[in-house]
Amino acid sequence: MGQRLWKSRRLSKIYRDMIRRCYNPDDKSYRWYGGKGIHVCDEWLNDPSEFQRWAFENGYDDVLTIDRRKSNEDYCPENCHWISGKNNTKFKSTTTMISVNDIPHTGREWADVLGIATNTINRMLRVYPTTAVVEFIRRRLADPARQCEQGQSWLETYHIDT
């Protein structure tokens, strides 16, 4: 299918990226898709216009991204839907959910709730034990006005030992 036949350049790019992730070992994301045995159904692979038709009949919009409902299964009409980029990122296999007081959030969501920089919680999880990060979230929820002093970590600010 020629590029000029696509109704949406963005949709054409989504299709090409999906193919690349699944079939090009040199693609940076291949290990999470093709390397894990994820493929594109024959219907879409052999006829990109079928993918385009499916997309427009199933709610495609330029602000949405394609998502597989079951992350260990192929790209196909039965397993795909359109969701916001924020939700797509939230449900990646590499996303860590942190539950505090029985409330689950991603690190980015907790950062928003706590009023701190976006990547703070995810950075903390790479350096400190999860128990310390959970305790920080608990204490920050209880005392959200406390500010981190220059040269001090958030854990030091809330007197949390690691």
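Up top is the structure these notes are about.
Residues numbered from 1 in each chain as written. Predicted model: local features only at pLDDT ≥ 70, side-chain atom pairs only at ≥ 80, totals over all residues. Heavy atoms only, no water.

Let us look at the state of the cysteines. If you walk through the whole model with that rule in mind, you get zero disulfides. Counting only cysteine sulfurs, Cys80 is the nearest neighbor of Cys22, a cysteine outside any disulfide, at a range of 9.4 Å. For Cys22, a relative accessible area of 3% corresponds to the buried category. Cys80 takes part in no disulfide bond, and the closest cysteine sulfur, belonging to Cys76, lies 5.9 Å away. When its relative accessible area of 3% is taken as the criterion, Cys80 is described as buried. (Disulfide = S-S within 2.5 Å. Buried < 20%, exposed > 50% of the residue type's maximum accessible area, 1.4 Å probe, protein only.)

Glycine aside, a negative phi is what most residues show, and trans is what most peptide bonds show. Backbone geometry at Asp102 places phi at a positive 65°, although glycine is not the residue there. Relative to the helices and strands, Asp102 is located in the loop between β3 (97–100) and β4 (103–106). The backbone of His159 sits at a positive phi, close to 55°, despite the residue not being glycine. (Helix = DSSP H or I, 4+ residues; strand = E, 2+ residues; numbered from the N terminus.)

This brings us to the pattern of salt bridges. Taken as a whole and assessed by the stated rule, the structure comprises nine salt bridges. Across the pair Arg20 and Asp17 runs a salt bridge whose closest N-O atoms are separated by 2.4 Å. Note that Arg20 and Asp17 are positioned in helix α1 (residues 9–23) at a spacing of three residues, about one turn of the helix. Judged by relative accessible area, Arg20 falls into the partly exposed class, the value being 34%. According to the relative accessible area criterion, Asp17 is buried, its value standing at 19%. Asp143 serves as the salt-bridge partner of Arg146, at 3.1 Å between the closest nitrogen and oxygen. Residue Arg146 is classed as partly exposed on the basis of its relative accessible area of 31%. The class of Asp143 is partly exposed, set by a relative accessible area of 28%. When salt bridges that share partners are traced, they join Lys13, Asp17, Arg20 and Asp27 into one network. (Salt bridge = Lys/Arg side-chain N within 4 Å of Asp/Glu carboxyl O.)

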